[in-house]
Amino acid sequence: MKFNNNFQLIGKNINIGKNVSIGDRTVVYDNVRIGDNSIIANDSVIGEPVNDYYHNKEYINPETIIGENSLIRSHSIIYAGTTIGRELQTGHRVTIRENSRIGRNCSIGTMCDLQDQVVIGDYCRLHSSVHVGQKTVIKNFVFIYPSVIFTNDPTPPSDVWLGVTVGEYTQIGSGAILMPGITIGKNCLIGAGSVPAKDFDDYSVVMGNPGRRIGDIREVKSRKFDGPYYPWMYHFDRGMPWKGIGYEEWLKKNKADGE
Amino acid sequence: MKFNNNFQLIGKNINIGKNVSIGDRTVVYDNVRIGDNSIIANDSVIGEPVNDYYHNKEYINPETIIGENSLIRSHSIIYAGTTIGRELQTGHRVTIRENSRIGRNCSIGTMCDLQDQVVIGDYCRLHSSVHVGQKTVIKNFVFIYPSVIFTNDPTPPSDVWLGVTVGEYTQIGSGAILMPGITIGKNCLIGAGSVPAKDFDDYSVVMGNPGRRIGDIREVKSRKFDGPYYPWMYHFDRGMPWKGIGYEEWLKKNKADGE
Amino acid sequence: MKFNNNFQLIGKNINIGKNVSIGDRTVVYDNVRIGDNSIIANDSVIGEPVNDYYHNKEYINPETIIGENSLIRSHSIIYAGTTIGRELQTGHRVTIRENSRIGRNCSIGTMCDLQDQVVIGDYCRLHSSVHVGQKTVIKNFVFIYPSVIFTNDPTPPSDVWLGVTVGEYTQIGSGAILMPGITIGKNCLIGAGSVPAKDFDDYSVVMGNPGRRIGDIREVKSRKFDGPYYPWMYHFDRGMPWKGIGYEEWLKKNKADGE
């Protein structure tokens, strides 16, 4: 129904895993590897050639890797030279530029726009229309809500690109704009519509334009039960690796595995 | 010219009205009903299956209804399980998720992104790139300008979704971000770039981050004539049901009809 | 590889230059002119008919002109009645509405949304997802970063459209929202996330919501060398006409040419 074998595999050195479905009119360019059981919906492009392609006859498409069990929704474009871990989920019309690295179990929402040279960890969630500038670094378990912008040029226009860095478990509210080169700590809550322009320590709650630290996230109350809600990992496990066992248990297990 | 009968009707129980045009490569899934005289432009999807479709062999597509005289522009995706009234107009690349209800004579601009379980009244206008979070409730005659964001989670990430409610006739300026669970009254003007984080009464003018009430909308002057411009219904009728007869007359007529 | 002659030239009076490549499924409507050596990638529409097309049998598509050496990336839609100079570069899924004029050597990023009756000068760069409202006027060498919004209606909804005007060389940071009818001078730096609501003189640095002048751009230091970075034209030449010769020399040459 959704998959009528009306796609195009173009060129050479394409490695499609077992049980992969590819939608109508989707195009796969040179040097693409797609893991087992993945679904690439219709009208997408995997391994989109970079700019040089249009002008250089000797052009070789860099390798593109999509991990197993991934689901890429329709009209998405993933440029060549990017590596994405297993269990990726995307929305529609996502753009992911070249030479980025995205971990496993990430979700990238409808119309997200990831520039080149981005590094994203594991189990991150980008909601709709997030713009990730070049050289942004996002650690594991970071959730980013709609229309957040990661900037990178402190003196535009220039060739100085200072990417933003975001620590593990941090939540970045809708429409926040992160200024070039700042570092947000772990377990922070960056308020919707805020404009953080300097570094913030772990556990900061940040609000306003410019963004100011207004408190400690561990003092933010739950709306469902009596007591603090954060760190959120003790109260939320949808899609997380601690689902079923709890965050504490998972941490111990992880530690044991690491020894 | 635009319609070459190169579309796909997939599966069963599709009910296409009289004089409907469907564009090239547009796909219509199971259990879709499209009203008379509607135009669905090219490269669109009507009745896009929800996530379960990919994993459940017993999947049944929920019913999707598009009212008569609608015009859906190209590359739009409307998920299954959503009901939309007559005379819908969309821009390009609109996404409307499942289980939402949209009234009649609405307009939804290019790249708008409506999440699931949204309720929108009649004669609403969403300009480009509006993001409407789950459980948002928008009453009749509300106009929303580009890139407005409706949030819903007060303690992200959580399963507490507190949708925003917006009263009749309210205008929400470009890039405003509405915080979870707030209620905006009727006839308000929410300023561009503002971040309302609490309830606001009818007739409020709201500006800033965080949003503050800075006045009464009935004191805002027209730029065209001497005197107050609001309530706007006395001075603007393009596409409105009081066109030709005036708002006052229309109100009376409505009241009489209701008796 | 990318170009398989699987596009559609529709109707009459289409003038395609020498050595033009058109991607798969791209549609070119009546009265379109495309300059030599241009590349129109897949799934695009050039000369998209305006609203009247759907209802008026006598409809004549206004003339659309794309200059030579242009590169339009996939899934872009350019409406009829718009004229664009040579060496245009676009990202993916760009929308450019009818009756706009865009100069030469401009770049318009992924998901930009240009409304009708816009005027943009030469060598302008719009990064991703910029929304340009009706009647906006942008002079030469203006750079606009992601998700900037140009508004135009001071009393929404109305038929008073007061476009924003932006002077030469000005830089507008990510997510800034420019209020209706304001004029930004030359060589300004409008900070990311700011909301300018009044006119600003040449060389202003503007920050905050509402936007306030916080200094003179000529006092902003470089991050790379000791000394002021602005005017930026002395330190940045990628894609600019003074590349190789320097801004000063180019100015002199220009002046001499003009005499």
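Conventions used here
- Residues numbered from 1 in each chain as written.
- Chains lettered and ligands numbered in written order.
- Predicted model: local features only at pLDDT ≥ 70, side-chain atom pairs only at ≥ 80, totals over all residues.
- Heavy atoms only, no water.
- Helix = DSSP H or I, 4+ residues; strand = E, 2+ residues; numbered from the N terminus.
- Rg over C-alpha atoms; globule rule 2.2 N^0.38 Å.
- Contact = heavy atoms within 4.5 Å.
- Areas by Shrake-Rupley, 256 points an atom, 1.4 Å probe, with all protein chains shown as cover.
- Lys, Arg positive; Asp, Glu negative; His and termini not counted.
- Charge placed at Lys NZ, Arg CZ, Asp CG, Glu CD.
- Least-squares fit on C-alpha atoms with pLDDT ≥ 70 in both.
- Buried area = accessible area lost by both parts, 1.4 Å probe.
- Salt bridge = Lys/Arg side-chain N within 4 Å of Asp/Glu carboxyl O.
- Polar contact = N/O pair within 3.5 Å; in protein donor to acceptor, adjacent residues only side chain to side chain.
- Nonpolar A, V, L, I, M, F, W, Y, C, P; charged D, E, K, R; others polar.
- Buried < 20%, exposed > 50% of the residue type's maximum accessible area, 1.4 Å probe, protein only.
- Pairing = 2+ DSSP bridges.

A. Highlighting the overall build of chain A. The number of helices and strands found in chain A is one helix and 29 strands. On C-alpha atoms alone, chain A measures out to a radius of gyration of 20 Å, which is about the 18 Å that the 2.2 N^0.38 rule sets for 259 residues. With respect to the three principal axes, the spread of C-alpha positions in chain A is 55 × 50 × 40 Å. In chain A, 24% of the contacts between residues at least 6 apart in sequence involve partners at least 24 apart. Approximately 10,200 Å² of chain A is accessible, and the part contributed by carbon and sulfur atoms is 46%. Each charge class in chain A was averaged separately, 28 positive and 28 negative side chains, and the resulting centres sit 5 Å apart.

B. Expanded view of the relation of the copies chain A and chain B. For the match of chain A to chain B, the screw axis carries a shift of 0.0 Å, the RMSD comes to 0.0 Å, and the turn is 120°. Overall, the copies show the geometry of a three-fold rotation axis. By C-alpha distance to the rotation axis, the residue of chain A lying nearest is Asn209 of chain A, at 4.0 Å. When the interface residues of chain A are mapped onto chain B, a mere 15% of them again fall at the interface, so the copies present different faces.

C. Just the interface of chain C and chain A, in detail. Taken together, the contacts link 39 residues of chain C with 36 residues of chain A. Summed over both partners, the interface of chain C with chain A buries about 3,100 Å², with 60% contributed by carbon and sulfur atoms. Applying the counting rule to chain C against chain A returns one salt bridge. In this structure, Asp159 of chain A engages Arg238 of chain C in a salt bridge whose closest nitrogen and oxygen atoms are separated by 2.6 Å. At the boundary of chain C and chain A, one finds 11 residue pairs in polar contact (both at pLDDT 80 or more).

D. The arrangement of the interface of chain A and chain B in detail. With 40 residues of chain A in contact, the opposing surface of chain B contributes 36 residues. Carbon and sulfur atoms supply 60% of the area buried between chain A and chain B, which totals about 3,100 Å² over both sides. The interface formed by chain A and chain B includes one salt bridge. For the interface between chain A and chain B, the tally reads 11 residue pairs in polar contact (both at pLDDT 80 or more). Among the residues forming the side of chain A that touches chain B, the class breakdown is 15 nonpolar, 15 polar and 10 charged.

E. Up close: the side chain of Ser194 of chain B. All names here are of chain B. With respect to the helices, strands and loops of the structure, Ser194 is situated in the loop between strand S27 (189-190) and strand S28 (204-207). Residue Ser194 is classed as buried on the basis of its relative accessible area, which comes to 0%. Leave out the neighbours within four places in its chain, and Ser194 touches Gly175, Ala176, Ile177, Val206, Met207 and Gly208.

F. A look at the relation of the copies chain C and chain A. Mapping chain C onto chain A is achieved by rotating through 120° and translating by 0.0 Å along the same axis, at an RMSD of 0.0 Å. With a heterologous cut-off of 20% or less, the 13% of interface residues of chain C that recur at the interface of chain A puts this contact in the heterologous class.

G. Broad picture of the sheet that holds strand S5 (residues 32-34) of chain B. All names here are of chain B. In spatial order, the strands read S2-S5-S8-S11-S14-S17-S20-S23-S26; together these nine strands make up an open sheet with parallel pairing. Here the strands that pair on one side only, and so sit at the sheet edges, are strand S2 (15-16) and strand S26 (183-184). Here S2 runs beside S5; their pairing, made up of two bridges, is parallel. Bridge assignment links Ile16 to a residue of S5, and that residue is Ile34.

H. Up close: unusual backbone geometry. The amide bond that connects Pro156 of chain A to the next residue, Pro157 of chain A, takes the cis arrangement and shows omega of -5°. Its location among the elements puts Pro157 of chain A in the loop between strand S22 (149-150) and strand S23 (165-166). Looking along the chain, the bond that leaves Tyr230 of chain C and enters Pro231 of chain C is cis, with omega of 0°. Not every positive phi belongs to a glycine, and Tyr123 of chain B is a case in point at roughly 55°. Positioned with a positive phi, Asn187 of chain C is a non-glycine residue whose angle comes to about 55°.

I. Examining the side chain of Thr155 of chain B more closely. Mapping Thr155 of chain B onto the fold places it in the loop between strand S22 (149-150) and strand S23 (165-166). Residues in contact with Thr155 of chain B, not counting those within four places in the same chain, are Val220, Lys221, Arg223, Tyr229 and Tyr230 of chain A.

J. Local environment of the sheet that holds strand S1 (residues 8-9) of chain A. Residues and elements named next belong to chain A. If you trace the nine strands from one edge of the open sheet to the other, you get S1-S4-S7-S10-S13-S16-S19-S22-S25, paired in parallel fashion. Of all the strands in the sheet, just S1 and strand S25 (177-178) have a single pairing partner and so form its edges. With two bridges joining them, strand S16 (residues 113-114) and strand S19 (residues 131-132) adopt parallel strand pairing. Bridging across to S19, Leu114 finds its partner in Val132.

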